Amino acid sequence: MSGPDERRVNDPLDLEAPPGQARAVTAEDEEEASAHGGPAAYAQGRGRDDSEKLDQYLLRRYHLYGDRAAREQLITMYLPLVRSLARRYASRGEQFDDLVQVGAIGLIKAIDRFDLSRGVELTTYATPNIVGEIKRYFRDKGWSVRVPRGLQELNIRLNKVIDELVPKLQRSPTINELAEAANATPEQVLEALETSQAYNSVSLQASPNGEGGEEDAGLIDYLGGEEEAYDTMEDRTTLAPGFAKLDKRERYILHLRFFEGLTQSQIAERVGISQMHVSRLIRRSLERLREEIGELDNPQIMRPPGDDPR
Amino acid sequence: MAERIDLEVPATLNALSTVRMVLGGLGARLDFSLDDLEDIYLATDELLRTALDADPLDRLSVEVLLDEGVLRFTAGTFKSAKLRADVTMHAEDCLDLCMLLRRTVDDVVLEDEGGAYRIVLVKRRQGGPA
């Protein structure tokens, strides 16, 4: 650790110091920070003001002068915090390294969006961003049951292959065509399609490519152009039992499939999402409808009057 | 030449996945498109779920007949009047089982057997290669 004399000569906390003379965080510093639970905790050991000033210095370097090296340094400094937060979610069926990667995206967003004028610590600002990114990952990319990694990867590959084949063939592809294009057997394709129903990607706020970032357009934006068409069918389908419990987009997709007679591929093209996503949304909407109708249990609607239910 | 596959599974929701996998394999053999397969998955899933709710069964018998681009799915036998009504009667503007089946398969037939009946869903290959 630097002694007072050394800091005076080569002080990274001196905001007026030319960038070339700023002391880089050493591996020793990182190790010590990590051992003490991250830069903030590290600050308490070596002097809270020092660490806060180091953060502030690096953030100023990056935000005021565009110093990319300062940004990289901040990312490296806070990776132990990302690992620590990712560890909390590591037992939920996702690879720890993947969660660290996702958490690091949250960290980078926090560093990039940090507002120097607000006077908060980077740790305070970064933690909810990192956790939020990890949670979003589980919500948008997570699987409700454990699916072997190979099948998950094939599923992702199939998503792309279907999107490529539909416009190319001008029709929905067959299983054999999918297998050939995805370099898999028809049995593997069928299994991957079956497991895709365990995929939790139901959030219509998430972007169609599954990234789900705040800057990404959500499905709701893709549906914007359909609002007029939606309004015309609204009166009709909201009257159907259980439909009131579905959100606008779910009603719209069910309307296209069952009232307008569009195929899943056609709906995918119309709405701007993948066919597999349409399939999942239809099944989940039907499941919710079934639950809702079961709760309503309205014999007037489902059965002719006087008919014995059994 | 027609090919017939008989399947008997426990009358539970978990077994529906097995039925889907078998149907997927057979549909693939007929060169059904993904849209066609999704239709037959939805139709059989919704039909069998309703059947499991309506009729207390221990085992579920399914027969699949393949013949020149046509998949004929038969389930039963059932006795429930509610299931019969759900399959055959449609309430206007209601996305009920009857409408769902009409939109996903080409024909729905009830075959009476004494006091019971079997339900037949017919799906013809449509969107696949010429």
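Since the model is a prediction, treat every value here as computed from it, not as a measurement. (Residues numbered from 1 in each chain as written. Chains lettered and ligands numbered in written order. Predicted model: local features only at pLDDT ≥ 70, side-chain atom pairs only at ≥ 80, totals over all residues.)

> Please provide a residue-by-residue account of the overall build of chain B, values included.
Within chain B one finds four helices and five strands. Order of helices (α) and strands (β) in chain B, N terminus to C terminus: β-α-α-β-β-α-α-β-β. Taken over 130 residues, chain B has a buried fraction of 39%. Restricting to contacts in chain B with at least 6 residues of sequence separation, those with at least 24 account for 68%. (Helix = DSSP H or I, 4+ residues; strand = E, 2+ residues; numbered from the N terminus. Buried ≥ 20, exposed ≤ 12 C-beta atoms within 10 Å, placed from the backbone. Contact = placed C-beta atoms within 7 Å.)

> Describe in detail the overall build of chain A, supporting the description with residues and values.
Helix and strand content of chain A: 16 helices and zero strands. By residue count, 36% of the 310 residues in chain A fall in the buried class. Taking all contacts inside chain A whose residues are at least 6 apart in sequence as the whole, residues at least 24 apart take part in 60%.

> Give me the confidence of the model for chain B: which residues, what numbers.
Of the residues in chain B, 97% reach a pLDDT of 70 or more, and the chain-wide mean stands at 88. Here the complex is predicted with pTM 0.59, and the ipTM for its interfaces comes to 0.88. (pLDDT = per-residue confidence, 0-100.)

> Help me get a handle on the pairing of strand β5 (residues 116-124) of chain B, residues and values and all.
Residues and elements named next belong to chain B. When strand β3 (residues 70-78) meets β5, the two strands line up antiparallel, connected through eight bridges. Each residue of the ladder has a partner; that of A75, found in β5, is I119. Between strand β4 (residues 107-113) and β5, which pair antiparallel and follow one another directly, the connecting turn spans two residues, one of which, G114, has a positive phi of 65°. (Pairing = 2+ DSSP bridges.)

> So what about the sheet that holds β5(B)? Which residues, and what values?
Residues and elements named next belong to chain B. What the five strands build is an open sheet, ordered β1-β2-β3-β5-β4; its pairing is antiparallel. The open sheet has two free edges, formed respectively by β1 (3-10) and β4, since each of these has just one partner strand. The mean angle between the axes of side-by-side strands here comes to 20°, regardless of whether they run parallel or antiparallel. Pairing of β4 with β5, which is carried by seven bridges, proceeds in the antiparallel orientation. (Axes fitted to C-alpha atoms, helices over the stretch in contact; angles between N-to-C directions.)

> If you had to explain the nonpolar core to someone new, which residues and values would you point to?
A:V189, A:I253 and B:L47 are the most contacted members of the largest nonpolar core, which totals 62 residues. Per-element tally for this core: the top contributor is helix α2 (residues 34-54) of chain B, with ten residues. The residues contacting B:L47, other than those within four sequence positions of it, are B:A75, B:L97, B:L101, B:I119 and B:L121. Counting 22 residues, the second-largest nonpolar core is a separate cluster that includes A:Y78, A:L99, A:L107 and A:A126. (Core = buried A, V, L, I, M, F, W, Y, C linked by C-beta atoms within 7 Å.)

> Tell me about the packing of helix α3 (residues 81-88) of chain B against helix α4 (residues 97-104) of chain B, and name the residues and values.
All names here are of chain B. The interhelical angle for the contact between α3 and α4, taken along N-to-C directions, is 50°, at an axis separation of 5 Å. Judged by the inter-axis angle, α3 sits oblique to α4. On α4, the residues touching D86, V87 and T88 of α3 are L97, C98 and L101. Residues of the contact of α3 with α4, tallied by class, amount to four nonpolar, one polar and one charged. (Parallel < 35°, antiparallel > 145°, perpendicular 65-115°, else oblique. Nonpolar A, V, L, I, M, F, W, Y, C, P; charged D, E, K, R; others polar.)

> Which residues make up helix α1 (residues 15-29) of chain B, and what values do they have?
In this model α1(B) runs 22 Å from its N-terminal to its C-terminal C-alpha over 15 residues, within 8% of the 21 Å that 1.5 Å per residue would give. If you check which residues of α1(B) are buried, you get B:V19, B:R20, B:L23, B:G24, B:G27 and B:A28. End-on view of α1(B): buried residues confined to an arc of 165°, all on one side of the axis. On its buried face, α1(B) is in contact with α9 (175-182) and α10 (186-195) of chain A together with β1, α2, β2 (59-67) and β3 of chain B. Directly after α1(B), the chain includes B:D31, whose backbone phi takes a positive value near 60°. (Expected span 1.5 Å × (residues − 1). Arc of directions from axis to C-beta.)

> Mind laying out the packing of α2(B) against α3(B), listing which residues take part and the relevant values?
Residue and element names in this part refer to chain B. Axis separation between α2 and α3 bottoms out at 9 Å; the angle between their running directions is 155°. By the angle between their axes, α2 is roughly antiparallel relative to α3. For the crossing formed where α2 meets α3, the hand is right-handed. Contacts between α2 and α3 involve T50, A51 and A54 from the first element and K82, L83 and D86 from the second. Among the residues forming the contact of α2 with α3, the class breakdown is three nonpolar, one polar and two charged. (Left-handed = near helix turned anticlockwise from the far one by under 90°.)

> Which residues make up unusual backbone geometry, and what values go with them?
Most peptide bonds take the trans configuration, and most residues that are not glycine carry a negative phi. Following B:G76, the chain continues to B:T77 via a peptide bond in cis, the omega torsion being 5°. If you trace the backbone, B:T77 turns up in strand β3. At A:Q170, a residue that is not glycine, the phi angle is positive and equals roughly 60°. The residue A:Q170 is located in the loop between α8 (149-169) and α9 in this model. Of note, the phi angle at A:N183 is positive, near 60°, even though the residue is not glycine. Mapped onto the secondary structure, A:N183 falls in the loop between α9 and α10.

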